[in-house]
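Below, each chain spelled out in residue letters.
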Amino acid sequence: MPPPPLELPLPRLQRWMQAVIEQPGEAGEAVESAAARAELDPAEIGRVILPSKTLTSVERVGVYQGMYLMRMVEALENDFPALAHFLGGERFAELVTAYVAAHPSRSYTLNRLGGHFPEFVRSFPGIRRRAFAADLARFEDLVTEVFDAPQSPAWPAEEIARIPEDAWERAVLRPVEALRLGSFGYPVNAYLQSVKDENHDHPPTGRKATRVVIYRKSYEIWRLELGRPAYAFLSALVRGRPFGKAVAQATQGIQGPAGEQVFRWLRDWVAEGMFTRVEVSVS
Amino acid sequence: MNPDARNRWNFPDLGVGIGLRTVHYAHILEKKPEVDFFEILSENYLDTGGRPLWVLDQVAERYPVVLHGVSLSIGSTDPLDFEYLRKLKNLADRTRARWVSDHLCWTGVSGRNTHDLLPMPLTEEALAHVAERVRTVSDFLERPLMLENASTYAEFAASSMPEWEFFGRLMEQADCGMLLDVNNVYVSAFNHGFDPKRYLDSIDPARVTQYHLAGHTHKGTHIVDTHNDHAIPEVWELYRHSVARTGNVSTLFEWDGDIPAFDVVHAEALRARAFRGEREEGRLAAAAS
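Remember, it's a predicted structure, so these values are computed and weren't measured experimentally. (Residues numbered from 1 in each chain as written. Chains lettered and ligands numbered in written order. Predicted model: local features only at pLDDT ≥ 70, side-chain atom pairs only at ≥ 80, totals over all residues.)

## So, the overall build of chain B
Under the convention used in this document: By the criteria applied, helices consist of DSSP H or I runs no shorter than four residues and strands consist of E runs no shorter than two, each listed in order from the N terminus. Our exposure labels follow a C-beta count within 10 Å of each residue's own C-beta, placed from the backbone: buried means 20 or more other C-beta atoms, exposed means 12 or fewer, and partly exposed covers the counts in between.
Broken down by element type, chain B carries 11 helices and 11 strands. Each principal axis of the C-alpha atoms in chain B carries an extent, and together these give about 50 × 40 × 40 Å. Among the 289 residues that make up chain B, the fraction classed as buried is 53%.

## Observations regarding the nonpolar core
Residues and elements named next belong to chain A. Stated precisely, the cut-off is as follows: To form a nonpolar core, buried Ala, Val, Leu, Ile, Met, Phe, Trp, Tyr and Cys residues must be joined through C-beta atoms within 7 Å. Residue pairs are scored as contacts if the distance between their C-beta atoms, which are placed from the backbone, is within 7 Å.
Formed by 163 residues in total, the largest nonpolar core has its most connected members in Ala133 and Leu136. Examining the composition of this core, we find that 10 residues originate from one element, helix 8 (residues 130-148), more than from any other. When neighbours within four sequence positions are excluded, Ala133 is seen to be in contact with Leu83, Phe86, Leu87, Val121 and Ile127.

## With respect to the interface of chain A and chain B
Stated precisely, the cut-off is as follows: Throughout this entry, Asp, Glu, Lys and Arg are counted as charged residues, while Ala, Val, Leu, Ile, Met, Phe, Trp, Tyr, Cys and Pro are counted as nonpolar. The remaining residues, Gly among them, count as polar. A pair of strands is treated as paired once DSSP finds two or more bridges between them.
Every contact between the two is made by 43 residues of chain A and, on the other side, 39 residues of chain B. Residue assignment for the side of chain A that touches chain B shows that the elements contributing at least two residues are helix 1 (10-21), strand 1 (49-50), helix 4 (57-79) and helix 8 of chain A. Top element by residues in the side of chain A that touches chain B is helix 1 of chain A. It accounts for eight residues. Tallied by class, residues from the side of chain A that touches chain B come to 24 nonpolar, nine polar and 10 charged. Taken together, the two bridges between strand 1 of chain A and strand 6 (residues 155-156) of chain B define a ladder with antiparallel strand orientation. When the sheet's bridge partners are listed, Leu50 of chain A is paired in strand 6 of chain B with Glu155 of chain B.

## Looking at the environment of Thr114 of chain B
For Thr114 of chain B, the location among the structural elements is in the loop between strand 4 (100-103) and helix 4 (124-141). Classification of Thr114 of chain B as buried rests on a count of 24 C-beta atoms within 10 Å. Separated by 43 residues in the primary sequence, Thr114 of chain B and Ser71 of chain B have C-alpha atoms spaced 9.5 Å apart. When sequence neighbours within four positions are dropped, the list of residues in contact with Thr114 of chain B reads Gln18, Ile21, Glu22 and Tyr68 of chain A together with Thr107 and Gly108 of chain B.

## Things to note about unusual backbone geometry
Residue and element names in this part refer to chain B. The phi dihedral of His227 is positive, around 55 degrees, even though this residue is not glycine. Following the sequence through the fold, His227 ends up in the loop between strand 10 (223-224) and helix 8 (233-246). The exposure class of His227 is buried, given the 21 C-beta atoms found within 10 Å. Non-glycine residue Asp258 carries a positive phi angle of around 50 degrees. Examined against the element boundaries, Asp258 turns out to sit in the loop between strand 11 (251-254) and helix 9 (262-270). Given 10 C-beta atoms within a 10 Å radius, Asp258 is considered exposed.

## Points about the sheet that holds strand 7 (residues 177-181) of chain B
All names here are of chain B. The following threshold applies: Comment: axis = line fitted to C-alpha atoms, over the contacting stretch for helices; angle = value between 0 and 180 degrees taken between N-to-C directions.
The eight strands lie next to each other as 1-2-3-4-5-7-8-11, forming a closed barrel whose pairing is parallel. Between one strand axis and the next, the sheet turns through 30 degrees on average, direction left out of account. Contacts from helix 9 reach strand 1 (16-19) and strand 11 within the one sheet, and its direction differs from that of strand 1 by about 145 degrees.

## Section: helix 10 (residues 228-238) of chain A
All names here are of chain A. As a reminder of what qualifies: Note: the arc covers the axis-to-C-beta directions of the helix.
All of the buried residues in helix 10 are Ala230, Tyr231, Phe233, Leu234 and Leu237. Mapping the buried residues of helix 10 onto a view down its axis gives an arc of 165 degrees, with all of them on the same face. Directly beyond the C-terminal end of helix 10, a positive phi value near 95 degrees is found at Gly240.

## A word on the packing of helix 4 of chain A against helix 6 (residues 89-102) of chain A
Residue and element names in this part refer to chain A. Counted only if it meets this: Oblique is the label for every angle not falling under 35 degrees (roughly parallel), over 145 degrees (roughly antiparallel), or within 65 to 115 degrees (roughly perpendicular).
Where helix 4 meets helix 6, the closest approach of the two axes is 10 Å, and the angle between their N-to-C directions is 105 degrees. Classified by the interaxial angle, the pair formed by helix 4 and helix 6 is roughly perpendicular. On helix 6, the residues touching Leu69, Met72, Val73, Leu76 and Glu77 of helix 4 are Phe92, Ala93, Val96, Thr97 and Val100. Looking at the contact of helix 4 with helix 6 residue by residue, the classes come out as eight nonpolar, one polar and one charged.

## Some details on the confidence of the model for chain B
Under the convention used in this document: Each residue carries a pLDDT value, the predictor's own confidence for that position, ranging from 0 to 100.
In this model, chain B carries a mean pLDDT of 94, and residues with pLDDT of at least 70 account for 94%. Below pLDDT 50 for its whole length, residues 278-289 of chain B participates in 18 contacts with residues either more than four positions away or in separate chains.

## Notes on the domain arrangement of chain A
The condition that has to hold: For the purposes of this description, domain bounds are those given by an automatic or database domain assignment.
Along its sequence, chain A is carved into domain 1 (1-72), domain 2 (80-143) and domain 3 (149-280). The C-alpha centroid of domain 3 of chain A is placed 52 Å from the C-alpha centroid of domain 1 of chain A.

## Some words on the pairing of strand 4 of chain B
Walk down a regular strand and you will see the side chains alternate between the two sheet faces. All names here are of chain B. Test applied: Here a crossover is taken to be right-handed if, once the strands point away from the viewer, the path from the first strand over the helix to the second is traced clockwise.
Burial along strand 4 is two-sided: the face carrying Val100 and Asp102 and the face carrying Ser101 and His103 are both buried. Crossover handedness for the path strand 3 (residues 65-68) to helix 3 (residues 82-95) to strand 4: right-handed. Pairing between strand 4 and strand 5 (residues 145-148): four bridges, direction parallel. By the bridge assignment for strand 5, Ser101 is matched with Met146. Between the parallel pair strand 4 and strand 5, the chain is carried across by helix 4, and the sense of this crossover is right-handed.

## Digging into the environment of Arg174 of chain A
Residue and element names in this part refer to chain A. Mapped onto the secondary structure, Arg174 falls in strand 2 (residues 171-175). Between the C-alpha atom of Arg174 and that of Arg277, which follows or precedes it by 103 residues, the distance is 5.4 Å. Excluding residues that lie within four positions of it along the chain, Arg174 makes contacts with Phe275, Thr276, Arg277 and Glu279.

## Some details on the environment of Ser101 of chain B
Of note, Ser101 of chain B is situated in strand 4. Taking the C-alpha atoms as reference, Ser101 of chain B lies 9.7 Å from Leu41 of chain B; in sequence the two are 60 residues apart.

## Comments concerning helix 3 of chain B
Residues that lie three or four places apart on an α-helix share one face, since the helix turns once every 3.6 residues. Residue and element names in this part refer to chain B. Using the following cut-off: To estimate the expected span of a helix, subtract one from its residue number and multiply by 1.5 Å.
Counted at 1.5 Å a residue, the expected span for helix 3 with its 14 residues is 20 Å, and the 20 Å between its end C-alpha atoms agrees. Considering only its buried residues, helix 3 is in contact with helix 2 (51-62), strand 3, strand 4 and helix 4. Following helix 3 by one or two positions, Arg96 has its phi on the positive side, about 50 degrees.

## Some thoughts on the pairing of strand 11 of chain B
All names here are of chain B. Side chains Thr251 and Phe253 project from strand 11 onto one buried face, and the interleaved Leu252 and Glu254 project onto a second face that is buried too. Bridge count between strand 1 and strand 11: three bridges; the pairing is parallel. Each residue of the ladder has a partner; that of Gly17, found in strand 11, is Leu252.

## Points about the sheet that holds strand 3 (residues 179-184) of chain A
Residue and element names in this part refer to chain A. Spatially, the three strands line up as an open sheet ordered 3-4-5, and their pairing is antiparallel. Pairing within the sheet leaves two strands with one partner each, and these edge strands are strand 3 and strand 5 (220-226). Going from strand to strand, the sheet's axes swing by 20 degrees on average, the running direction of each strand aside. Each of strand 3, strand 4 (210-217) and strand 5 is contacted by helix 10, which is oriented at about 140 degrees to strand 3, the strand it contacts most.

The following block contains the structure:
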C-alpha cells in the first residue's frame, strides 16, 4: 500500500520544490538541505511526489534540480564567454553555483542574471589570477549592457559643420544609450577577441592599462581601445562636460597641436555614431 | 479570418511555422524564406533595444507572428508581475501578434525565478488559483491567453485529476485556449505511464489554437523535452491523430538545442503538411487578412 498523500498547501509545496531545485549537489542531498527541510521532512517525500516505474520520488524531483544549475551556467557562459574560457568549464560552473546561491534570478529574463557577477568574481576565493578575472567579468558585463541598451539615433557627421565655431566652447554632446566606457588594469579586450576568434594563442594577460569604449553601430557591438588622453576626453564628454572644458582637460598632457587632435577624435567618434545630439545653450 | 477555423476565437490556421532563433537571423533577413509564421520567445525581446528587436520588427513586418512566453508563471503563488505583463502587451501590439501563449506551470516563488516550467499539482486548489490568474491576465492583455501543456517529470501524490481534465476545466472556467504540444503529451505519457491518445481525445478541439512539435531525449528511465532533434515517428502519429479531431490548426516545430541550419529546421516543420491533409489552399491568404 502506498502511503496516503500529503496535501501541502500550494505556497508551501512550491517553496519546498524550489528549495530542492536550487540546491547544488545530488538530489538526495538537496532534499535534506535546511531550506528544503524547513518545508518538508525528507521522510515524507513519497507522500508528496509519486515514484514512477523507473524513478524514485527523489529522483523525479532531481530531474528538475539537475537542470537548474545547467541552465544558469549556460546563461552566464553566454554573457561571459571569455571568463568561462579563462577559468575552464569546471571552475566556471563552481563559480556560477556559488553566484546563483547568493544572487538567484529575480527577473522574468536571464538577460541581466550576471548583473552582480563582476563584484562577485572579485571576492570569490580560489580563482587564479582573480584581478584579471574580475576585470574580464566587468568588461563582458559592459558588453552585455551595450547589447541590450535602447536604440538611439546617431547624430549625423555632417551636422558638425553646422555648429557655429563660437558655440563649440559650451556645446554638450550627448552619447547614444548603447555606449559604455571602461578602464581596466589588464588586456581584457585583446583576450575577449582571442576567444571570439577561437585563437588559443592568447595575448599575455599580465598587467596592462586598457581603456575601451564599447558601443553599438548598425546593431553590431564595437570595441575600440583608446589611449589615455582620448579616453579622458571621451569620458568628459560622456559625463556631460561642455566641449571646451573637456578639451582643456584632455589636452593638458598632449604635445603639439592638441586642438587638431581632439577634433580628429571628435569627427571619428561622431562618424562611429557615438553621439545622439549636441546641445548648445544660448550664451 | 480563415473560414475553416473551428476554434473558440476563430483564430486562423496560419499554417506551419518555426521559432525565430538568433542563429537564423542573418539567413531570414537575407533570404526572406517562405515561412507561414514565426513564433517568438517573448522574454527575449522585452528588455532589449538592440539587434533582436530590430530583427523582430522586420520579421513582424513580413510574417505573421505569435508570442510564446516562458516566465508568466501562471501557477505560482507569488503575485502576478504586472510590469512584465505591461511589456508583454506592448510587444504583442508592436508585432501585431496573432495570439499570446505561455505554459501551464510555475517558474518560481519568493520573488525568484528558476527559469524552468515546473509542474502543478492537479488539485481543486490549484485549479481555482490558476483559473483566477488566467482571467486576470486575459483582462490585462485584452486578449485570450493560450496555455501550453508542459512536459512533466514529477507527479504529485495529492493530484485528484488527470492533466487533461485539469486543462479542460481550466479552459472552461477561465475561457482560455490551448497550445497543444504533442511531443509534451508523448513525453509526459511515457514519464507517468498514461495513454497519450486518451489525453488528446479528451481535449476540446474548439479550444486548440496551436500545435507544437519537437524532438526529445530518451534517458532510458525517463524522457526529457530537449527540443534538440527531429520529432520521432510516434509523435508525428499522435499529431495526425489529433489533427483528425481538431482540423488543421497552426503548427510550429520547436528546435532550441544544437540548432541546425535554418533549412533543416524548416524542412522538419514542413513535414507537418503531410499530416494536415489537403486543406492548404487559402491558408496564406487567410493569414494575411
